[in-house]
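# Breakdown of the fold
The primary structure of each chain is shown beneath.
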Amino acid sequence: MRKLNLFKSIFLSALALLTVVSCEKDMFKEYDSVEPGAPTTVTLAVHSITDSTAKLDYSVSGVGRLHVVVVPGNDETAVPSVQDMVDLNVSGAVFSKGVKITDANLEGTIEISDLVQNTSYKLFAITANADGVPSEVQTTDAFTTSDSFDPKIDITEDITPAISSEAKQEVGFDVLLSFNEPMVLAETYTIQMGYFDPNTGDINWFDVPKDSIDITGNVVTIKQPQSASAQFTGMYVFLTIGEGSLTDRAGNPYEGITSGIVGGNLAGIYWRNEWVNQNETAVAPTDEILTDPASLSITLTYPNNLNTSSLGYYDKSSIVVRFYNDETTTDYKVDASLLTITDNTLTIDLPKLPNYGDHVTFMMQEGALWDVYGNDLDSINFGNYEWLISYGYDVSLITANYSVDLVDNSDNPVGTYSASITTAKGANNVVINDLVKNYFGLTEDAPISGVFDGDIGTIAVPDWQELFAATVSDKPGKVYFANRFSADPVIGSISSNGNFNLDGWGFYFVSDDGALEGWLKRFNTSSWVKGSKSASGSANELVIEKIEKRF
């Protein structure tokens, strides 16, 4: 059918041509039909086979066309269709060529190129005569290229992941090497992966076991001998392959490559694990309440040694220490001179000593410093770690009997009076008992309220406490506990044995009508000593010592 169609095509074309060139009188003249010629034949011979080329000698029986196609395969490889050969569109072809055959080149040689060494190929050919009539598909025995070249790899293009000093590889990545031909692992081989230790400056090399090497065709896959858990982020990783450790299928050796650091420069095949911010593994002090302000230096411990040179790039605003209490909050930037790196530990000395009652916390910006592998130290926020500077006193320290020595505003002893301190309802509230009663000779006690603070070691006695009703100079009124100098509480600092002093207070009288007021007695200080001793102070009359307003 194909020949018939071709014949029709040729016939119609010839008829059209005759119509154009013939005279009108010949238009209806009868002609004999022309049969297309028989297909040409071809003789083929492949020779001069090398690693990547071969030669084809051909001899065609007549003019026309010759099409040659080469595909990887053997004598069992399927024969392409006539149409695919005519179109030079054979699937998998590594070489295709069409040649116009004239009387001058009925015999000739075709150079077949771009073949892969040590590979089997099958050649197919087809001819067409001058009328375009194709022959059947012809072939030769399969042939195999030789293999005299050593295998090669372009380390800049044929390695996955690509060689790079950028810290971007996932820890424990596999290595793929794509050679220019199929490869084989030698019986005796040396393939090692190295891991750079910046602490020693050495590369630690590990042999790659056989079961960690997989070869499929020309691709060699290497799994790392060091597990991800044994590596560090930011670490340099190297690959060294000994000469002859890998060969092609003909036994030609790969020349190998030596990797490492030469003259301070990376050489051979290398990568770098990606950076990951490092979190602290330990923080000291571990106690959240500290009794000695001078003992507070903050130490942070990390997985890897820290890079001391990072101190040269440190910005003092990157680490800030904060002191705060009920009244104030103060931030202090930490200068580099207050930072010390020892192996994997960072010590932060405080810019100043905190006071008792101060809470101490700090912040550190991400990347303020980094470790020897280049990993940034992760951020730390205010409040992540916090310490309280406290005496750690319990209220039981001052809930006792006291002997109170009073000294007046002229620094004259007034006497010794018995008193006691007890707890009251509410956290840290206390009551001073008997002092007022004993001082004034009252029949009933007039307690004084106070607030105990075991962190800062104080007792605070609020100003302007109404104590009892009294008549002075025929003026009824009230007696108050009062601060001599301000409206603030009178503060006493408690020692570790529970003793304390209260300075700058007194008893003040104000008549109900406001016409009379003044100090009944003023004290420069009062010394409170735990325990009882003989009272030496007598009951005092309600007489205004100094008529004046407090302040």
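Before any of the text, the structure's been laid out above.
Thresholds applied
Residues numbered from 1 in each chain as written. Predicted model: local features only at pLDDT ≥ 70, side-chain atom pairs only at ≥ 80, totals over all residues. Heavy atoms only, no water. Pairing = 2+ DSSP bridges. Helix = DSSP H or I, 4+ residues; strand = E, 2+ residues; numbered from the N terminus. Axes fitted to C-alpha atoms, helices over the stretch in contact; angles between N-to-C directions. Buried < 20%, exposed > 50% of the residue type's maximum accessible area, 1.4 Å probe, protein only. Contact = heavy atoms within 4.5 Å.

## Some points on the sheet that holds strand β24 (residues 297–301)
Judged by pairing direction, the sheet is antiparallel, and its 4 strands sit side by side in the order β22-β24-β28-β27 without closing on themselves. Only two strands of the sheet have a single partner each, and these edge strands are β22 (282–284) and β27 (339–342). Taking the axes of each pair of neighbouring strands and ignoring which way they run, one obtains an average angle of 15° across the sheet. Inspection of the sheet shows β24 paired to strand β28 (residues 345–349) by 5 bridges, in the antiparallel sense. Bridge pairing links isoleucine 298 to isoleucine 348 in β28.

## A short note on the environment of glycine 454
Structurally, glycine 454 is set in the loop between β34 (448–453) and β35 (458–461). The exposure class of glycine 454 is buried, given its relative accessible area of 9%. C-alpha of glycine 454 to C-alpha of valine 360: the two residues are 94 residues apart in sequence and 17 Å apart in space. If sequence neighbours within four positions are ignored, glycine 454 has contacts with Ser390, Tyr391, Gly392 and Tyr393.

## Brief notes about the pairing of β34
Along β34, the buried face is formed by Ile448, Gly450 and Phe452; none of Ser449, Val451 and Asp453, which line the opposite face, is buried. When strand β33 (residues 429–433) meets β34, the two strands line up antiparallel, connected through 4 bridges. Pairing of valine 431 across the sheet is with serine 449, part of β34. Pairing of β34 with β35 involves 3 bridges; the strand directions are antiparallel. By the bridge assignment for β35, phenylalanine 452 is matched with isoleucine 459. In this antiparallel pair of consecutive strands, β34 and β35, the connection spans 4 residues, and glycine 457 shows a positive phi of 65°.

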